Every structure is written in structure tokens, then in C-alpha cells.
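# Architecture and fold: a report
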Amino acid sequence: MPTSVLADFQQRGLVADVTSPAELDAHLAQASRAVYVGFDPTADSLHVGSLVPLLGLRRFQLAGHRPIVLVGGGTGLIGDPAGKAGERTLNAEDFVAACAARLKAQVRPFLDFDRGPHAAILVDNYEWLSKLEVIPFLRDVGKHFGVGAMVARESVRTRLGTGISFTEFSYQVLQAYDFLSLHERHGCTVQMGGSDQWGNITVGTELIHKVRGARAFGLTLPLVVKSDGSKFGKSESGNVWLDPARTSAYEMYQFWLNTNDADAVRFLKIFTFLSLEEIEALARRVVDAPEKREAQRALARAVTRLVHGDAGVQEAEVRTAARFGGEGEDGAPDAVLAADSPRPVWKVLKEAGLVPSTSEARRLIQQGGVEVNERRVGDVAEALGAGAYTIKLGKRRIYRVIIEG
């Protein structure tokens, strides 16, 4: 019996919270459903963290459902207080409109817009939010929101000490209205988003029930963090963007190639469409032959292909091989780092993803467990300049690292 889409999400670690799991599972099994995710245009590009909900929509589409991408040309003018310690700076209308246009173009390659009844839909909430009239909106929609419940929501409650404007306080009402609008226009019954959106999503399910007497569901995805607790989605040069003008195919490939062993298998589940059986096979190879970094290579190829296509993967691997001088099984180093000046070996180990933490890197050096180009590193302060290095950890783990000056 095929695995349900919700079960697949759970097995991949893609579920943070869900409204009535058994009911949602049955709801999805009964018919093709419309599922939506929203992205506010706060920048002119999405970043790698945005792949989690975007690929989540693709998983729903492959399972026979209809994905809806909502670009928040309207809500982007307001600002979501979720996850923010202070008030956002309001962006100019022309900036938000320009960013919205860029995001609409950027999401298209990830979904199939020519799939008959399951074809993806792309909408902009500015279309309906910009036409709202205050008095009818307050009478017809506002009356369904209790102030006590709105204040109790985490995105608002955590801001009460530092202050929150009525503008941002009203954001949850607008997001709920988006869900209602998509329900009425496209029969949408499921909203998906990051774990910080749980309160906003459940407000929408409640509004649909109150206004239309219909059942709607919410599903949130966990925040992706590295195994050492550090923030995911950052490289040495800053955010890793989906826009090729900001993050090249080569940089994207290197970002994933530098993934730590402790994160590689988990990221394969989240960011690729490899089967769980294929991922389990790669997980065994991580244990048996970590120096080959097969899981990291599979991850780098899969995600770079999703974002930049086959040509991007080829470009990244050719450039990687050229920079390492063509050595190794496929001419590819395990990591390429940028440095303006020599950096400590322990820092190279950590930033190349060869160890899970700084303390582990220092411990290995102090115990004599690190060799660079067949020479044991005896001083924790020893530094490496630009060049190509073969690094051995312990008795059998061998890695190839380039430091570019």
C-alpha cells in the first residue's frame, strides 16, 4: 500500500504541528485537495530555507494534490510580527511590488503549472487585500476575531513587552482572510508554513469554519537547524539565495557539499526527492566510509539540480574539479573555503563540515588525531593559508579541502 503524503512528511521529519492528523490524512486520501503556502516579498529572492515549504508543495503535487503559491504583495506591505523582536520597517510599495514579481518568477520552476486538474496556481494577495473597504471588512470579518485570543498568540504575546503596532497586530487577520479567500476561489482546505506560522494558520482554519462552516487544516514544518545548534542557510559570504545572481550554482553546490556528516542524511530527507530506501543506503555509507562523503555529494547534486538545473550541476562539478586540480575519485574536493588570511586548522575543520563542533575540532588536534598533508598538527593554533590540503582525521577519515585566497 502506498505511503500517504502525510506519513511521508512524518518519516522525513517534515511535521512540526498539524491540526487533527488522522482527519487530515483521511481528508487527503478522499480526493485531490488544494494546498497553499505563502511567501511575503521582503527581499527580491527566496533563500535555501524557503525550499522546505516550496518542496513541500511539490511533494503534495506529486501525490495528486493541487499546490497554490501565494506571494504576499499585500501582506508584504504590512509585516508579519512572527519571529521578530521589534517592529519591521515598512517597505515602499514599489519595492514590494518589484520583489513580488521576482518571487513569482522564481517559484515557477519548482512546480508543474501544466498538470491538468493538479496544475499549480500562483496568486498575489494584493489582488483582494487592496480592494478591501474598512467598514464592510470589520463588520463581516473582524467580528470573528476575539482580541483576547489575538493577544494570546505567541507572535503577539512575545512583543507586548517591547511594543507592537496595530499594523503588525492585524497581520494575523489578513493571513486568515487569505486562507478564506483561497478557500472560496479555489476550494483550498490546507495551509502549510513554517513552525512560526502555526498561530496564523490556525486562525485561518477557524475563520473558514465560522464563515463557511467548512473544515480546513494546517500543517507546519520544523525550523531547520544544524546538529550543532547553529543557524541553517548561511555560508561564509552570507545567506544562500535561490537567485543565481546572488548565489551561483558553484556556491550552492559547495554549501551542500560542506554539510556535516551528522546533518547530511537528515537534509537528504528534507531537501531531496530521493526515496527513503535510497537515503538509508547513503546513511549506511556515511557510517562505513565517511571519508567518501557520498551523502554530501548526493545532496549537493540533488539540490543544485533543483535550483540551477542539470547545466548548473555540471558547471559546479567542473569548476570544483578544476579548482582541486582533478585529483580524487571524481576530481571534487570535500570542501572549498574562502579566506583572506590564514585560518586556524580547527576553524577549517568546523567550517568544512568535517567535525560537528569547534570543541570537537580542538579535541582532535590536542589528541594528535589530525594530519594535514601527511603531517600531524601538534598545535591548536596552527593555521592554513590558501592551497589544497588532504586532511586525515583519526585513522581512516580522509578529506580533501581547498582554501581559496
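What comes next is a walk through the structure. As the structure is a computational prediction, the values presented were derived from the model and not from experiment. (Residues numbered from 1 in each chain as written. Predicted model: local features only at pLDDT ≥ 70, side-chain atom pairs only at ≥ 80, totals over all residues. Heavy atoms only, no water.)

Before going further, it helps to spend a moment on helix H2 (residues 21-30). Of the positions making up H2, those classed as buried are Leu24, His27 and Leu28. With its buried residues spanning 95 degrees around the axis, H2 presents them on a single face. The exposed residues of H2 that point more than 90 degrees off its buried face are Ala22, Ala29 and Gln30. Of the surrounding secondary structure, the elements contacted by the buried residues of H2 are helix H1 (5-11), strand S1 (17-18), helix H3 (51-62), strand S5 (188-194) and strand S6 (217-221). (Buried < 20%, exposed > 50% of the residue type's maximum accessible area, 1.4 Å probe, protein only. Helix = DSSP H or I, 4+ residues; strand = E, 2+ residues; numbered from the N terminus. Arc of directions from axis to C-beta. Contact = heavy atoms within 4.5 Å.)

To continue, consider the sheet that holds strand S9 (residues 335-338). Ordered in space as S9-S15-S14-S11-S12, the five strands form an open sheet in which the pairing is mixed. Taken across any chain shown, the strands that pair with only one partner, and hence form the sheet edges, are S9 and strand S12 (375-376). Pairing analysis gives seven bridges linking strand S14 (residues 387-393) to strand S15 (residues 397-404), with the strands arranged antiparallel. Within the sheet, the bridge partner assigned to tyrosine 389 lies in S15 and is valine 401. (Pairing = 2+ DSSP bridges.)

All right, on to the pattern of salt bridges then. A full pass over the atoms with the stated rule returns 18 salt bridges. With a shortest N-O distance of 3.2 Å, arginine 12 and aspartate 8 are connected by a salt bridge. On the basis of relative accessibility, which here comes to 6%, the residue arginine 12 falls in the buried class. Of the charged contacts, one joins glutamate 317 and arginine 301 as a salt bridge, the two residues approaching to 2.5 Å between their closest N and O atoms. For glutamate 317, a relative accessible area of 25% gives the class partly exposed. When its relative accessible area of 28% is taken as the criterion, arginine 301 is described as partly exposed. One network of salt bridges, in which partners are shared, links Asp44, Arg102, Asp243 and Arg246. (Salt bridge = Lys/Arg side-chain N within 4 Å of Asp/Glu carboxyl O.)

Val48, Leu51, Trp256 and Phe271 are the most contacted members of the largest nonpolar core, which totals 58 residues. With eight residues, the single largest contributor to this core is helix H15 (residues 294-324). The residues contacting valine 48, other than those within four sequence positions of it, are Phe232, Gly233, Val240, Leu242, Met252, Phe255, Trp256 and Phe271. Of all hydrophobic cores here, the second largest spans 26 residues; its members include Phe137, Tyr177, Leu182 and Leu207. (Core = buried A, V, L, I, M, F, W, Y, C linked by side-chain atoms within 4.5 Å.)

What follows is about helix H4 (residues 93-107). Look at H4: 21 Å from first C-alpha to last across 15 residues, which is about the 21 Å you get at 1.5 Å a residue. Among the residues of H4, Val96, Cys99, Ala100, Leu103, Gln106 and Val107 are the ones counted as buried. Taken around the axis of H4, the buried residues stretch over an arc of 125 degrees, which confines them to a single face. Contacts made by the buried residues of H4 are with strand S2 (34-39), H3, strand S3 (66-71) and strand S4 (121-124). (Expected span 1.5 Å × (residues − 1).)

Turning next to unusual backbone geometry. Although it is not a glycine, serine 20 adopts a positive phi angle of roughly 50 degrees. Position of serine 20 relative to the elements: it lies in the loop between S1 and H2. At arginine 293, a residue that is not glycine, the phi angle is positive and equals roughly 50 degrees. Relative accessible area serves as the criterion here: at 1%, arginine 293 is assigned to the buried category.

Here the focus is the sheet that holds S2. Spatial ordering of the open sheet is given by S1-S6-S5-S2-S3-S4, a layout of six strands whose pairing is mixed. The sheet is open, and its two borders are formed by S1 and S4, each paired with just one other strand. Relative to S3, S2 runs parallel, the two being bridged by six bridges. When the bridges of S3 are listed, phenylalanine 39 appears paired with valine 71. In the packing of H2 onto the sheet, contacts are made with S1, S5 and S6, and the angle to S5 comes to roughly 125 degrees. Those strands touched by helix H11 (residues 198-212) are S1, S5 and S6, and its axis lies near 170 degrees from that of S6. (Axes fitted to C-alpha atoms, helices over the stretch in contact; angles between N-to-C directions.)

Read these as spatial facts, not as claims about activity.
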